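# Descriptive structure summary
So the chains spell out like this:
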Amino acid sequence: MQLLDYAASLQLDTIQLSGLGDYESLEPAHLAKVKDHAARVEIAIDAGIGCICPLSKGWNPREGNATDYLLKGLRVAHAVGAPSMRCYLGGGADRPNLERCMEVTIQALRSVRAQALDLGVRIAIENHSGDTQAREVKALIEEAGKDFVGSCLDSGNPMWVVEDPLVTLETLGPYVVTTHIRDSAVCEHPRGATAQWVALGDGSVNFHRFVGLYRKVCPNAGMQLEIITGRPPAVLPYLEPDFWKVFPHMPAWEFARFVELAKSGHPYMGPMVIGGPGEQSPAIKAALKEQERTDLERSLEYAKKVLGVGVRWRG
Amino acid sequence: MRAYLPRRDTKVQMLRRTFLQSTSAAALAAVANAQSESIPLGFDSFSIRDLGWKDIRLIDYAARLKLDTIQLSSLNDYESLEPAHLAKVKDHAERAGIAIDAGIYTICEASTSWNPKEGSATAYLHKGLGVAKAVGSRVLRCAMGTRADRPHLEHCMEMTVKALQSVRSEALDLGIRIAVENHAGDMQAREMKMLIEAAGKDFVGSCLDAGNPLWAIEDPLLTLETLGPYVVTTHIRDTAVFEHPRGAAVQWVALGDGSVDLRRFVELYKKLCPNAAMQLEIITGIPPDVVPYLEPRFWKVFPHTPAWEFARFLQLAKSGHPYIGPMVIAGWGAKSAAVETAFQEQQKMDLERSLEYAKKVLSVGVRWRS
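This write-up is about the structure you can find in this document. Every chain begins its residue count from 1, and numbering advances along the sequence as written. In the order they appear in the text, chains get letters beginning with A and ligands get numbers beginning with 1. Only residues with pLDDT of at least 70 get local features here, since the model is predicted, and only at 80 or more are side-chain atom pairs given and counted; chain-wide, interface and lining totals rely on the full set of residues.

### Some words on the nonpolar core
Here is the rule we go by: In this usage, the nonpolar core is the set of buried Ala, Val, Leu, Ile, Met, Phe, Trp, Tyr and Cys residues whose C-beta atoms join them within 7 Å. Residues with at least 20 other C-beta atoms within 10 Å of their own are called buried, those with 12 or fewer are called exposed, and the rest are partly exposed. The C-beta atoms themselves are positioned from the backbone. Counting from the N terminus, the helices are the DSSP runs of H or I reaching at least four residues and the strands are the DSSP runs of E reaching at least two.
If you look at the biggest cluster of nonpolar residues, it comprises 145 residues, and the most contacted ones within it are Leu140(B), Ile178(B), Val180(B) and Val328(B). By residue number, the principal contributor to this core is helix α5 (residues 153–165) of chain B, which donates seven residues. In terms of nonpolar packing, the next biggest core, distinct from the first, is built from 58 residues, Leu31(A), Val76(A), Met102(A) and Ile141(A) among them.

In structure tokens:
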């Protein structure tokens, strides 16, 4: 409810409640209240769950099995009136075992096909945390069934798989159901490149072009900003042969697009609270918390005023 | 003031090798015995400026960290400038076994950073010398200005030399050496050397800053090579330097986090100025600064920089990369309460880990060994 009210106060159109932890309770009565409240404040909900591949390092065994977890998510999505449910395969650590993970994920998705179609909820697979490149997500969606599976297009995660987010959008555009949009500062590094997530407009991605293409290929999908700042740049050591072991099938032309992005970019040069690894001190935690909100709000302003995205704020 | 700026064929442009041969011989001989000894280690109070600590507390903190020295680089570092209080500071420092390097700020009335409330440069220097003497310091750090002064550098250097010469006899009588800092991109080492020599090296020396040269497209090792024989006190920090579409970018970081070869730096330091306190001035939390040397107008304020010197900087930038670790980056200006608290915590943490690096990796400092 608090998230819905916050979205409404910012004159947004939609919100993605991307995890089941976002609800006070999963009891049907509470979810019905959430649905009603969202309708009252005129915020459309995109629902979401986490990792659906039991082979992945990101899988939570407490969920029992992937089918049960997907069904739980679909029921919640339906209960709050969401037409989509975001989920993902895993993370970068799963790439050595990617084929097997994709097979298991496809199986899991197919196991709930009938329920998803009955409930009218499209399952949106995210290109998540370096698990898959756009080409691979497209293959996964088509294999599982594009009548009930689509894409939750994330524009920040392509960095971890040396992919230009514009390539991601060009490839997945026709499948996009919901999104995670953020900017990244990309630049060359002696080992290859570095990438750092930043607020919208602070990075290297050409968002004017991105939004122009978005309007053509998926204009009805909610542009959900997922702003993640406060993390240091990560090195993408593509000049080292070992890096390529987990990208054996990536075409050179796709990689060249990323190289172009890195060559024309530079590190983020603005202020940012960047936390260290592990538990943060209370002072850093408090500063990071404040920054999350500031960076989300200035990114939303950029989306509205510079990129011309959004409906309700126009009044 | 043309004499202070290099002409095409002056000796200032001598090759580094020749320079080292001619200038380091005396310094090397003078300190040959000291090579086996350690460089005194301390910090500049500016490193933890946001904590607002004053003299006694700063000295106690330095003693707790088993340091040898501290630079109280500003008159604001004292609770009071009353003689009785300064005498207490002196006694306290002696009891705590901490040597004080004193300091003031801009002494150039033509600088954009000059504080007119100080009256005149002579009066300000006189005040600083008095404080330095009162707290038992043999050094008074000061600065000419900032990079904003480079467009009228000759005039600023003239004014600074005049101001320094106006207190020559007083400084000599008090036994205090005035250490001019290469500050915030105001001067390159070659220019600083000329200023010191023009003012009088019997009472003026260098407060060598290892971070500021980056704002003046200078490799800090070159700064040390040039100013080493004149160094009286220091501001030591590391810098991440890397190429940028407009030239290069530089960001000050904790010791060991940057691109400067500090092992080579310390090795040379031991040869050229082993008795000068290595005062760490750690400044983190400032975003990278672009040095747009690919843009012709950048060079307007560096008309006399020899290409070989710039090539040293270029080599540093080409081999470096951005700092990619955690850091609260909030800049110089006002901050929210939450960020300010995090910033204060960071200042202390980054100073302490830099001191650890200086002790354990670079083997600098005396007292911590016992």
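Let's pick the thread back up.
### A few points about the environment of Leu200(A)
All names here are of chain A. Formally: Two residues qualify as a contact pair if the distance between their C-beta atoms, derived from the backbone, is within 7 Å.
Among the structural elements, Leu 200 can be located in the loop between β8 (192–198) and α8 (207–217). Considering only alpha carbons, one finds Leu 200 and Ser 299, 99 residues apart in sequence, at a separation of 4.8 Å. With near-sequence residues (within four places) excluded, Leu 200 lies in contact with Arg 182, Asp 183, Phe 207, Leu 225, Ser 299, Tyr 302 and Ala 303.

### Structural notes on helix α6 (residues 134–144) of chain A
All names here are of chain A. Going by this rule: In this description, the arc belongs to the directions extending from the helix axis to the C-beta atoms.
Buried within α6 are the following residues: Ala 134, Glu 136, Val 137, Leu 140, Ile 141 and Ala 144. Here the buried residues of α6 occupy an arc of 160° about the axis, which is enough to place them on one side. Contact partners of the buried residues in α6: α4 (98–110), β4 (122–126), β5 (149–154) and α7 (165–172). After α6 finishes, the residue Gly 145 shows a positive phi value of roughly 130°.

### Some points on the pairing of strand β1 (residues 41–44) of chain B
Residues and elements named next belong to chain B. Stated precisely, the cut-off is as follows: DSSP bridges decide pairing: two strands pair if at least two such bridges lie between them. When the strands point away from the viewer and the path from the first strand over the helix to the second turns clockwise, the crossover is right-handed.
In this sheet, strand β10 (residues 278–280) lies alongside β1 in parallel orientation, the contact comprising three bridges. From the neighbouring strand, Leu 41 faces β10, where its bridge partner is Met 278. Sheet analysis places β1 next to strand β2 (residues 69–72), joined by three bridges and oriented parallel. Residue Gly 42 lies in a different strand from β2, and its bridge partner there is Thr 69. Regarding topology, helix α2 (residues 55–64) serves as the crossover connection from β1 to the parallel β2, and that connection is right-handed.

### Details of the sheet that holds β10(B)
Residues and elements named next belong to chain B. Convention followed: A fitted line through C-alpha atoms serves as each axis, taken over the contacting stretch for helices, and the angle formed by two N-to-C directions is quoted from 0 to 180°.
The eight strands are arranged β7-β6-β5-β4-β3-β2-β1-β10 in an open sheet whose pairing can be described as parallel. Strands at the two margins of the open sheet, each flanked by one partner only, are β7 (231–235) and β10. Across this sheet, the average inter-strand angle for adjacent strands is 30°, counted without regard to direction. Relative to β7, strand β6 (residues 204–209) runs parallel, the two being bridged by four bridges. Bridge pairing in β7 links Leu 208 to Thr 234.

### Some details on the packing of α6(A) against α7(A)
When two helices pack together, their arrangement is given by the angle between their axes and by how far apart the axes lie. Residues and elements named next belong to chain A. Selection rule: When an angle is under 35 degrees it counts as roughly parallel; over 145 it counts as roughly antiparallel; between 65 and 115 it counts as roughly perpendicular; any other value is oblique. Crossing handedness: left-handed means the near helix sits turned counterclockwise from the far one by under a right angle, and right-handed means the same turn made clockwise. Under the convention adopted here, Pro, Cys and the residues Ala, Val, Leu, Ile, Met, Phe, Trp and Tyr are nonpolar, Asp, Glu, Lys and Arg are charged, and Gly plus all remaining residues are polar.
For the pair α6 and α7, the least separation of the axes is 9 Å and the interaxial angle reads 20°. The angle between α6 and α7 falls in the class roughly parallel. When the axes of α6 and α7 are compared, the crossing they make is right-handed. Listed contacts from α7 to Ala 134, Arg 135, Val 137 and Lys 138 of α6 are Val 167, Thr 168, Thr 171 and Leu 172. Residue classes in the contact of α6 with α7 are distributed as four nonpolar, two polar and two charged.

### Quick notes on the sheet that holds strand β6 (residues 176–180) of chain A
Two orientations exist for strands paired in a sheet by backbone hydrogen bonds: parallel and antiparallel. Residue and element names in this part refer to chain A. If you walk across this open sheet you meet the six strands as β1-β2-β3-β4-β5-β6, and the pairing is parallel. The sheet is open, and its two edges are formed by β1 (14–17) and β6, each paired on a single side. Across this sheet, the average inter-strand angle for adjacent strands is 30°, counted without regard to direction. Direction of pairing for strand β2 (residues 44–51) relative to strand β3 (residues 84–88): parallel, over a ladder of three bridges. Across the sheet, the residue bridging to Cys 51 is Tyr 88, located in β3. Across the face of the sheet, helix α3 (residues 66–79) comes into contact with β2 and β3 while running at roughly 170° to β2.

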